[in-house]
Amino acid sequence: MLELRNVTKTVAGADHIRDVSLTLEHGSLNVLLGPTLSGKTSLMRLMAGLDAPTSGSIWFDGRDVTGVPVQKRNVAMVYQQFINYPAMTVYENIASPLRVAGADAARTDREVKRAAELLRLIPYLDRMPLSLSGGQQQRTALARAISKNAGLVLLDEPLANLDYKLREELRAELPKIFAETGAIFVYATTEPQEALLLGGNTATLSEGRVTQFGPTIEVFRRPKDLVTARTFADPPLNTVILRKQGDSFQLDGGALPVPAGMKAIPEGTYAIGFQPHHLRATRPNADAIVLPAKVLVTEITGSESFVHVQFADVRWVMLASGIHSYQPEEMIEVFIDPRHLMVFDHEGRAVQPAPKAAA
């Protein structure tokens with residue numbers, strides 16, 4: 001078990017990591033999700049022992065390893081810029097940490113072939129890395145990390161430089177690979193979709209703080225605050241500031257009925273949030289709210305359309321399935337199922353999750 005207890009890292013008077021406490025179990029996959037400069041790499045460096053915390057402590061399997069350098073920890077790392085030894089075969093690349101550790105020939109061969117089997121590299125063991133595809137080279141780097149039998153494996157955006165097809169292929173394989181090793185895996189990404197595809201647990205980061213940690217789907221469906229909800233939204237979360245008066249959320253130019261599950265919320269001003277795929281071009285059900293909106297721009301990807309619209313004085317994005325050829329300045333009707341609305345107070349804390357948070 002890896003424990004971070006009130007860990008802070010300060011550099012030149014600025015907090016890169018602020019009062020982070022996390023507990024990661026063996027055999028678990030843990031995603032660090034946040035935008036660039038949110039603290040993901042800084043946190044991984046602390047976990048690895050590449051950096052020491054300014055305050056707080058780090059424990060591994062009941063032992064205080066605060067300040068213990070990476071060379072004295074059982075840690076493996078894979079970076080966005082995958083690194084292999086170009087003058088060594090794939091076999092020797094995977095075997096290199098075992099040889100450094102002084103493993104005998106039988107164990108080295110066994111561990112190399114186990115890792116190569118997991119990552120579908122058996123046919124390429126005699127080849128040189130530069131003769132492989134980008135995906136095969138990244139799998140070689142992953143196999144080398146796995147062959148080390150490290151208790152902690154850190155992956156810092158390992159798929160970011162691969163093309164779409166290779167990323168999808170490895171994303172599908174990685175959870176199965178992780179499940180078979182028993183190590184603690186920590187996977188950093190900027191992409192909410194990647195976190196959802198990987199599953200496991202997710203810690204959302206913002207400005208060096210962990211805003212929420214738990215099962216990935218629970219963090220996505222039930223964010224504890226507006227910062228977490230925004231971190232876990234791509235395209236960006238749609239929001240609007242409204243006043244609750246009686247049974248309605250009021251704003252200039254319209255009102256939204258308060259969903260049945262939110263009737264008990266006190267009157268006052270709230271931030272309402274909802275995911276782009278919950279803004280619809282067609283009425284999803286009889287209870288849906290219809291709103292007039294002006295089209296600003298439409299981005300068509302083929303299977304989906306990102307429709308940027310303006311309602312009152314706020315700008316939203318509608319993620320719609322299929323091709324929608326709206327024209328700029330065109331007035332359309334958009335629909336929201338009120339059960340998908342998340343409500344946050346003036347300090348950004350969730351008043352309660354969306355009534356239909358399981359959707």
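Going by the structure above, here's the rest.
Residues numbered from 1 in each chain as written. Predicted model: local features only at pLDDT ≥ 70, side-chain atom pairs only at ≥ 80, totals over all residues. Heavy atoms only, no water.

Both strand β1 (residues 2–11) and strand β4 (residues 55–60) contribute to a ladder of five bridges, which runs antiparallel. When the bridges of β4 are listed, R5 appears paired with S57. Looking at chain direction, β4 and strand β5 (residues 63–64) are connected through two bridges and run antiparallel. Within β5, the position partnered with F60 by the bridge is R63. Counted along the chain from β4 to the antiparallel partner β5, the turn is two residues long, and its residue D61 has a positive phi close to 50°. (Pairing = 2+ DSSP bridges. Helix = DSSP H or I, 4+ residues; strand = E, 2+ residues; numbered from the N terminus.)

Turning our eyes to something else, we now look at the packing of helix α3 (residues 105–118) against helix α4 (residues 134–147). Axes are the key here: two packed helices are described by the angle between their axes and the distance separating the axes. Closest axis-to-axis distance for the α3/α4 pair is 9 Å, and the angle between their directions is 135°. The orientation of α3 with respect to α4, classified from their angle, is oblique. The interaxial crossing formed by α3 with α4 has right-handed handedness. Residue-level inspection shows E111, R114, A115 and L118 of α3 in contact with α4, the latter providing A143, I146 and S147. Of the residues in the contact of α3 with α4, the class split is four nonpolar, one polar and two charged. (Axes fitted to C-alpha atoms, helices over the stretch in contact; angles between N-to-C directions. Parallel < 35°, antiparallel > 145°, perpendicular 65-115°, else oblique. Left-handed = near helix turned anticlockwise from the far one by under 90°. Contact = heavy atoms within 4.5 Å. Nonpolar A, V, L, I, M, F, W, Y, C, P; charged D, E, K, R; others polar.)

Okay, helix α1 (residues 40–48) next. Three or more residues of α1 are buried, namely K40, L43, M44, L46, M47 and A48. Just beyond α1, the residue with positive phi is G49, at close to 95°. (Buried < 20%, exposed > 50% of the residue type's maximum accessible area, 1.4 Å probe, protein only.)

Moving on, we come to the pairing of strand β18 (residues 314–321). Within β18, six of the eight residues are buried, which leaves the element mostly enclosed by the surrounding structure. One ladder, built from eight bridges, connects strand β17 (residues 304–311) with β18; its direction is antiparallel. For Q310, the partnering residue across the bridge sits in β18 and is R315. Between β17 and β18, which pair antiparallel in sequence order, lie two residues; one of them, A312, sits at a positive phi of approximately 55°.

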